[in-house]
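Read off the chains here:
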Amino acid sequence: MTRIAILGGGITGLAAALAALDSGAASGIDPEVHLWEASDRIGGKIATSPFAGLPAVDEGPDAFLVRMPAAVELAQRTGLGDALTSPTGARAAVWHDGLHSLPSDIVLGVPAGVGSFARSGLLSWRGKARAGLEPLLPPTDHGDSIGRLVRARFGDEVHDRLVDALVGSIYATDTDRASLAAVPQLRALADRHRSLLLGGRSARAAAPPASGPIFAAPLAGVGALVEATAQHAADRGVKIHTGRPATLVEPAGTGGWLIDGEHADAVVFATPAPVTAALLDGIVDDTSALRAIDAADIIMVRIAVRSSAAAQRVIRGRSGYLVPKSRQRLVTAVSFASQKWAHLRPDDGVEVMRVSLGRDGLPTAGIGEREAVDAVRAEVRDHLDLGPSDLAIEAAAVTRWTAAFPQYRPGHLQRVARIEDELPPAVAVAGASYHGIGIPACIASARRAAERVIAGSVS
């Protein structure tokens, strides 16, 4: 029997285990699949737990994109299709000396029109005038850098207050050091159009009318997707081993691989790049490209606050806000979870918020739990222009995510391609370190990896 080892028990590893069974069946084999997870829990950077009287509030990601269907398909497959919900119509904002609603005519922060963009108080008139020159500018040599492209096309204000605030929040990154090619929507605009503004306007005009929500999540939190996937995998015969780190992967003399002495015909490394690099030392000649993939730490602070009428006036109807790099101290983004999700409302006058601290270039390693909560208390009150009695914290929980967000530096996709070219046919890498950050991207990466190793093991 073909034996497949999946190393890593996050959503990528779990999805890879299911995909290995599917791909094996399509190839006429019935593989024996073992999943190894080093920690005592599955889920990786996904975690959901009770908080402030609510049964489930996410400690990590709280939603996934619907237009990238892999996560929705996995939810439906594992029995969660009827348990999905979507955010309310609350709108996001950017804080820059006050809260400003995100303009509606943008593509990942890039202006794609002039209406709401021109009316927004987020940019100065000088910034708007500079951005308005963009359609007249010659083509830009962006060097695979988001920041280099946007600064050259629209100026520093658009970059700082829109693109870096939005994209930087999604990826916990510094967009001056981030790969443009790793953000397909922006790369497509840059490749196809001299003017990003005109290209964005054309793309929005050509897009079909929105026919549903942009994001979705299980009512019981994103952790429910991990649990349902693990249960579905186990029901199909996948052996899930927690508390079992892999320390040595080496070729077996009779073919295949030995993982700490146990044989496998194929291996999927659903592990972060540094872990994968250490394990691949005995398989590939050069792991320097893997070791070059950095990752940013973040801290997620969940708070329940008793908000005054003044606070409610500021918060109501908003899903949260982003803080531009130029204005950041420790807080980078705030989600008003009770406004964003209708089911996260403990009782009248209480608001649950999820506050992110840290990003690439803004380290959090030396910040203790009390310091994190104190920073949240002070900065959120300052951002919302509220006094101590207007935003009284009744409960707080701190989750530290080490190396949570891989950083895609310029040239990232080429480095990943070189890594994959050096791998033997029945070995693959999958996950956020390589092919895209976000739950749908990780699931899609897992499927490709499983298909590769199944094909390699039967060839």
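Residues numbered from 1 in each chain as written. Predicted model: local features only at pLDDT ≥ 70, side-chain atom pairs only at ≥ 80, totals over all residues. Heavy atoms only, no water.

(A) Summary view of the nonpolar core. Counting 79 residues, the largest nonpolar core has Ile11, Phe269 and Ile439 as the members making the most contacts within it. Looking at this core element by element, the count peaks at nine residues for helix H1 (residues 11–26). Not counting the four nearest positions on each side in its chain, Phe269 is found in contact with Leu7, Val249, Thr276, Leu279, Leu280, Ile283, Val427, Ala428, Val429, Ala430 and Tyr434. Counting residues in hydrophobic clusters, the runner-up holds 32 residues, among them Phe154, Ala165, Leu166 and Val167. (Core = buried A, V, L, I, M, F, W, Y, C linked by side-chain atoms within 4.5 Å. Buried < 20%, exposed > 50% of the residue type's maximum accessible area, 1.4 Å probe, protein only. Helix = DSSP H or I, 4+ residues; strand = E, 2+ residues; numbered from the N terminus. Contact = heavy atoms within 4.5 Å.)

(B) Quick peek at the side chain of Thr2. Inspection of the secondary structure assignment puts Thr2 in the segment before strand S1 (3–7). Contacts of Thr2, omitting those with residues within four sequence positions, involve Ile29, Pro31, Glu32, Asp265 and Ser457.

(C) Molecular detail of the environment of Pro218. Here Pro218 is to be found in strand S11 (residues 215–218). Note: C-alpha distance between Pro218 and Gly320 (102 residues apart in sequence) is 20 Å.

(D) How the structure looks around unusual backbone geometry. Of note in the backbone geometry, Asp144 takes a positive phi value of approximately 60° without being a glycine. Locating Asp144 in the fold gives a position in the loop between helix H4 (125–132) and helix H5 (146–154). Phi is positive for Asp260, which is not a glycine, with a value near 50°. Tracing the backbone shows Asp260 in the loop between strand S14 (257–259) and strand S15 (262–264).

(E) View of the sheet that holds S14. Ordered in space as S13-S14-S15, the three strands form an open sheet in which the pairing is antiparallel. Looking at which strands have only one partner, the edges of the open sheet turn out to be strand S13 (249–251) and S15. Sheet twist, expressed as the average angle between the axes of neighbouring strands with direction ignored, equals 35°. Bridge count for S13 against S14 is three bridges, and the pairing is antiparallel. Residue Glu250 lies in a different strand from S14, and its bridge partner there is Leu258. (Pairing = 2+ DSSP bridges. Axes fitted to C-alpha atoms, helices over the stretch in contact; angles between N-to-C directions.)

(F) Up close: the side chain of Glu351. Within the fold, Glu351 resides in strand S20 (residues 350–357). No salt bridge is formed by the buried Glu351; its nearest oppositely charged neighbour, Arg345, is found at 6.3 Å. Reaching out from Glu351, the side chain makes a polar contact with the side chain of Gln312 at a distance of 3.1 Å. A distance of 3.0 Å separates a polar atom in the side chain of Glu351 from a polar atom in the side chain of Gln339. In contact with Glu351, other than residues within four places in its own chain, are Ile303, Ala304, Val305, Ser307, Gln312, Ile315, Ser338 and Gln339. (Lys, Arg positive; Asp, Glu negative; His and termini not counted. Salt bridge = Lys/Arg side-chain N within 4 Å of Asp/Glu carboxyl O. Polar contact = N/O pair within 3.5 Å; in protein donor to acceptor, adjacent residues only side chain to side chain.)

Shape descriptors only; they carry no functional weight alone.
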